[in-house]
Amino acid sequence: KDGKDLPKLVEGLKKLSKSDPLVVCTTEESGEHVIAGCGELHVEICLKDLREEYAQCDFSISDPVVSYRETVNNESSCTVLAKSPNKHNRIYLKATPLDEEVAKQIEDGKLGPKADPKERTKLFKEKYEWSDTEARKIWCWGPETDGPNVVVDTTQAVQYIIEIKEHVTSAFQWASKEGPLCDENMRSIRFNLIDVTLHTDSIHRGAGQIMPPTRRACFAAELTACPTLQEPVFLVEITCPQDAMSGVYSCMNMRRGCVFEENPREGTPLIQVKAHLPVAESFGFVSALRQQTSGQAFPQCVFDHWENMPGNAMETGSKMQELVLGVRKRKSLKFEMPVVSDYMDK
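I will try to describe carefully the structure that is included in this document. Small disclaimer: the values here were computed from a predicted structure and weren't measured.

Observations concerning the overall build of the chain
Across its full length, the chain holds 11 helices and 12 strands. Taken over 346 residues, the chain has a buried fraction of 45%. Taking the intrachain contacts of the chain between residues at least 6 apart in sequence as the baseline, contacts between residues at least 24 apart amount to 70%. By element, 51% of the accessible surface of the chain is carried by carbon and sulfur atoms, the whole surface being about 18,200 Å². When the 42 positive and 52 negative side-chain charges of the chain are each reduced to one mean point, those points stand 4 Å apart.

Written out as C-alpha cells, the structure is:
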C-alpha cells in the first residue's frame, strides 16, 4: 500500500519461499507478485506470515486467480502462412487438437521426449492411430520441452528443413508458453508443419528469420481452430454421515461440481463421496460445505485433470470470451480479443 515498502515486500517474499518448500512466488510482467500454494488455507496462512513476520508491511491482495490452459476444439479452418521478415522464407502450419489421453500420457512421460522412441512410436500407431511417419517425425514437445503440445513435421521432401528444426523448436517453446488468447500455456494442441519455403543461402534463414514467423503461425493456427480454454478441476473426497448428503449435493450443484461416486464405509454410518469441482469454484467451498452440513462433512481436494470449457472464445459476447478478456485485463494486456490477421501474412 505504501510505495516505499516495496523492497521489504520483495525481501519478505524471498524469505517466505525459503521457509516453505510448497510456496511458489512469481512476479508477473504487470508488476504483480503472485503467491501460489496448495489450496486456500495454505495461501491464507502464507499471506498472514508474510504480512506479520517476513515483510512487516501492509499490502493489498487481489481475489484468488486460477491459471487456465489454451487449447483448440477443431482443426484449423485453413492452412496458416507466415513469412520471415526478409520475405524469403514461408512457413505453412495447421493446428489440430490432441487426444486428451495423449496429452495425459505425455504429461506422465509415457509419450514424452524421454520415453523410448520405439515404444513411443508403437503406442502412437497402435493406440492413437497416427501414421508411421507422423509418429516418427515429432520435432518437439512444449512448453518447457516436455509439455503436452507437439510439432509434427508432415512436409514432403523439402530442402534444408533439418537446418531450421532448432529455430522452429525454440519459437514453439516460446509460443506454447504464452498463447495468443491470454498469455497462458497451451495444452493438447498438435501443430502440423504442412510446408516450408526456404532460401537457399543459410544466412537468410537464421534464427531471426525463422523464429518470429513460426511463433506467429502457431498463434494464427490456434486462433483459426476454434480456440477455447481448459480449466483445472479438483477431485474432492468428502466423508460425511448419510443425513448430511443433501447439503453436500446442494453445495456441489451451486458450484458446477458433479458427484460421481458414493461408497458407504462398512461398519460406520459414514459415506465417502467423490466429486469433481472446478478450481475456479473452489474458493470458499470448504466453509460453505461446513455451513450446509452443520460441520459434519470433511472435504479433501486434490488436482485431478484439465477440462475443456464449453464455447468458442472467438464468439463475440460469449461467456468464454468474457473469461478471456477478464484474464487479459488482470495481466494488463490489450483489452480486446486477438485477431488472426495480426499474425497471418497474405
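Having put the structure on the table, let's press on.
Focus: the nonpolar core
Here is a general trend for soluble globular proteins: nonpolar side chains tend to be buried in one another's company. Of all hydrophobic cores here, the largest spans 60 residues; its most connected members are F191 and I238. Here this core takes seven residues from helix α7 (residues 207-223), the largest share from any one element. Leave out the neighbours within four places in its chain, and I238 touches V248, M252, I271, Q272, V273, F285, L289, A297, F298 and P299.

Overview of the packing of helix α8 (residues 245-254) against helix α9 (residues 285-292)
Interaxial distance between α8 and α9 falls to 8 Å at its minimum, and their mutual angle equals 145 degrees. Remark: the crossing between α8 and α9 carries right-handed chirality. Mapping the contact onto sequence places G247, V248, S250, C251, M252 and M254 in α8 and F285, A288, L289 and Q292 in α9. Its residues placed into classes, the contact of α8 with α9 shows seven nonpolar, three polar and no charged.

Description of the packing of helix α6 (residues 165-177) against α7
Packing of α6 against α7 leaves a shortest axis separation of 8 Å and a crossing angle of 45 degrees. Classified by the interaxial angle, the pair formed by α6 and α7 is oblique. Relative to α7, α6 is oriented so that their crossing is right-handed. Residue-level inspection shows H167, V168, S170, A171, F172, W174 and A175 of α6 in contact with α7, the latter providing A207, I210, M211, T214, R215, C218 and F219. The class makeup of the residues in the contact of α6 with α7 is 10 nonpolar, three polar and one charged.

What counts, and at which threshold
- Residues numbered from 1 in each chain as written.
- Predicted model: local features only at pLDDT ≥ 70, side-chain atom pairs only at ≥ 80, totals over all residues.
- Heavy atoms only, no water.
- Helix = DSSP H or I, 4+ residues; strand = E, 2+ residues; numbered from the N terminus.
- Buried < 20%, exposed > 50% of the residue type's maximum accessible area, 1.4 Å probe, protein only.
- Contact = heavy atoms within 4.5 Å.
- Areas by Shrake-Rupley, 256 points an atom, 1.4 Å probe, with all protein chains shown as cover.
- Lys, Arg positive; Asp, Glu negative; His and termini not counted.
- Charge placed at Lys NZ, Arg CZ, Asp CG, Glu CD.
- Core = buried A, V, L, I, M, F, W, Y, C linked by side-chain atoms within 4.5 Å.
- Axes fitted to C-alpha atoms, helices over the stretch in contact; angles between N-to-C directions.
- Left-handed = near helix turned anticlockwise from the far one by under 90°.
- Nonpolar A, V, L, I, M, F, W, Y, C, P; charged D, E, K, R; others polar.
- Parallel < 35°, antiparallel > 145°, perpendicular 65-115°, else oblique.

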